[in-house]
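Close look at the chain arrangement
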Amino acid sequence: MFDPVTLPEPIVQAPMAGGASTPALAVAVCEAGGLGFLAAGYKSADAVREEIGAVRSATNQALGVNLFVPTSAPAEPGSLSGYLRELEADAARLGVELGEARYEDDAWQDKLELLSEQRVAVVSFTFGYPSVEVIARLHEAGTAVWITITTVSEALVAQAAGADALVVQGSEAGGHRGGFSDDDDAGGTAVLGLLRLVRRAVALPLIAAGAIADGPALAAVLCAGATAGQVGTALMLAPEAGTNAAQRALLPQPVPTRLTRAFTGHLARGMVNRFLLDHTATAPSAYPEIHYATSALRAEARRRGDTDAFNLWAGEAHELAEPQAAAEIIRTMGTEARQALAEVSARLSPEND
Ligand SMILES: Cc1cc2nc3c(=O)[nH]c(=O)nc-3n(C[C@H](O)[C@H](O)[C@H](O)COP(=O)(O)O)c2cc1C
């Protein structure tokens, strides 16, 4: 079973559904010594099969695939109608219709079936955890199961469920909050404090996520008990990433980020824009219904390069992202982490007293 301690570079690529993740990005990260990941969220099982095939035809290295665990029940229709009315003006402005605010499980069973055949090194789960049976099937296939957590209590549940490692997502992280709930506390704790709390509670390998955008930040989470850092936003300017061109131009700018349910009905961290400011206060917790309602609107805004009208998912350190090849980003981060650790160690050594 894959153990993250064996990675040549202690770096895991964050899965980034919605466009930024591509097979080319995963291949580049794998070949540079990190763990490349595919994002299966919002894709059909056939599309995921094709992406796994594309990665396998380019590298023999270990690969991870990330799945969204479906929300357990549809949102109350009454909780949606006012918000959907509010969004109509945004849709009209872009000349599109709102999509149907539907509840669906994102082809969960088909993707589980696929992944129990594909024998990838790691399957990670976000928004919850799978059943004991699903974990057993993945283990039979030789696949390690990682579960994303944002609190100590989630870490304990994930450990009891049979996880092989935990992705510890701090509040700084870009994109959706990946824990088990979408309540008002789901914003969570910053990554260093969370790592220390989780480290005390569970013995599993920990993968730290949240604003790790350079070597010194990677060194910090390794010191705080992580086996590897998971890096998302810092890879978004790599040519291999599928990041939208208009968002690429904004990422290095000093734009603040905020948590919002405005785009998808689930808390997520994105760069502040007009849509976020207009709708964060009123957006209900209703994922995936709001995701589907806004998807045509967001696709049209993306097509037009209108960064005020689509989700600009990014972590708190997005200004540190560099437009370099993914392999270069991974190798530089690893080298600079080792340098930072050596410098701090030399500074703290007793000979300097
Ligand atoms: C554009 C984007 C898309 C993301 N999509 C996913 C996803 O599909 N699955 C998932 O588990 N996490 C997703 N995340 C969260 C990452 O896994 C990770 O927690 C985050 O990128 C870490 O913070 P950072 O972006 O500051 O590095 C996404 C993050 C971003 C920025």
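For the structure, see preceding data.
Overview of the structure. (Residues numbered from 1 in each chain as written. Predicted model: local features only at pLDDT ≥ 70, side-chain atom pairs only at ≥ 80, totals over all residues. Heavy atoms only, no water.)

1. As for the nonpolar core
The biggest cluster of nonpolar side chains holds 95 residues, and the ones touching the most others in it are Ile52, Phe125, Leu166, Leu195, Val198 and Leu235. By size, the runner-up hydrophobic cluster in this structure holds 14 residues, among which are Val12, Ala121, Val167 and Ile207. (Core = buried A, V, L, I, M, F, W, Y, C linked by side-chain atoms within 4.5 Å. Buried < 20%, exposed > 50% of the residue type's maximum accessible area, 1.4 Å probe, protein only.)

2. Observations regarding the pattern of salt bridges
If you walk through the whole model with that rule in mind, you get 14 salt bridges. Across the pair glutamate 9 and arginine 338 runs a salt bridge whose closest N-O atoms are separated by 3.1 Å. Taken together, the positions of glutamate 9 in the segment before strand 1 (11-13) and arginine 338 in helix 12 (residues 326-348) put the pair 329 residues apart, joining distant regions of the chain. With relative accessibility at 44%, the residue arginine 338 sits in the partly exposed group. For arginine 261, the salt bridge identified is with aspartate 184, shortest N-O distance 3.4 Å. Within this pair, whereas arginine 261 is found in the loop between strand 10 (257-260) and strand 11 (268-271), its partner aspartate 184 is found in the loop between strand 7 (175-176) and helix 7 (191-201), the two being separated by 77 residues in sequence. (Salt bridge = Lys/Arg side-chain N within 4 Å of Asp/Glu carboxyl O. Helix = DSSP H or I, 4+ residues; strand = E, 2+ residues; numbered from the N terminus.)

3. Some details on the sheet that holds strand 7
Here 3 strands make up an open sheet; going across it, the order is 7-11-10 and the pairing antiparallel. What marks the edges here is a single partner per strand, and that holds for strand 7 and strand 10. Two strands pair when backbone bridges link them, and strand 7 and strand 11 are joined in this way by 2 bridges, in the antiparallel orientation. Residue pairing in the sheet places glycine 175 in a bridge with arginine 269 of strand 11. (Pairing = 2+ DSSP bridges.)

4. Some remarks on the site of the ligand
Neighbouring the ligand are 22 residues; Pro15, Asn66, Thr126, Ala211 and Thr233 lie closest to it. Between the ligand and glycine 174, the relevant distance is 3.3 Å, taken from an oxygen atom to a main-chain nitrogen or oxygen of the residue. Considering the ligand on its own, with 590 Å² of exposed area, one finds that the protein chains cover 94% of that surface. Mapped onto the shell around the ligand, the elements with two or more residues apiece are strand 3 (63-68) and strand 9 (228-231). Considered class by class, the residues forming the shell around the ligand number 12 nonpolar, 10 polar and no charged. (Near = heavy atom within 4 Å. Polar contact = N/O pair within 3.5 Å; in protein donor to acceptor, adjacent residues only side chain to side chain. Areas by Shrake-Rupley, 256 points an atom, 1.4 Å probe, with all protein chains shown as cover. Nonpolar A, V, L, I, M, F, W, Y, C, P; charged D, E, K, R; others polar.)

5. A short note on helix 1 (residues 23-31)
Burial within helix 1 is extensive, with 7 of its 9 residues counted as buried. Buried residues along helix 1 sit in contact with strand 1, strand 2 (36-39), helix 2 (45-56), strand 3 and helix 12. (Contact = heavy atoms within 4.5 Å.)

6. What to know about the environment of histidine 176
Mapped onto the elements, histidine 176 comes out in strand 7. On the accessibility criterion, histidine 176 (11% relative accessible area) is buried. With 55 residues separating them along the chain, histidine 176 and valine 231 place their C-alpha atoms 14 Å apart. Sequence-distant contacts of histidine 176, that is, excluding residues within four places in its chain, are made with Tyr42, Phe127, Gln169, Thr264, His266, Leu267, Ala268, Tyr287 and Trp313. Looking at histidine 176, its side chain comes within polar contact range of the side chain of threonine 264, at 2.8 Å.

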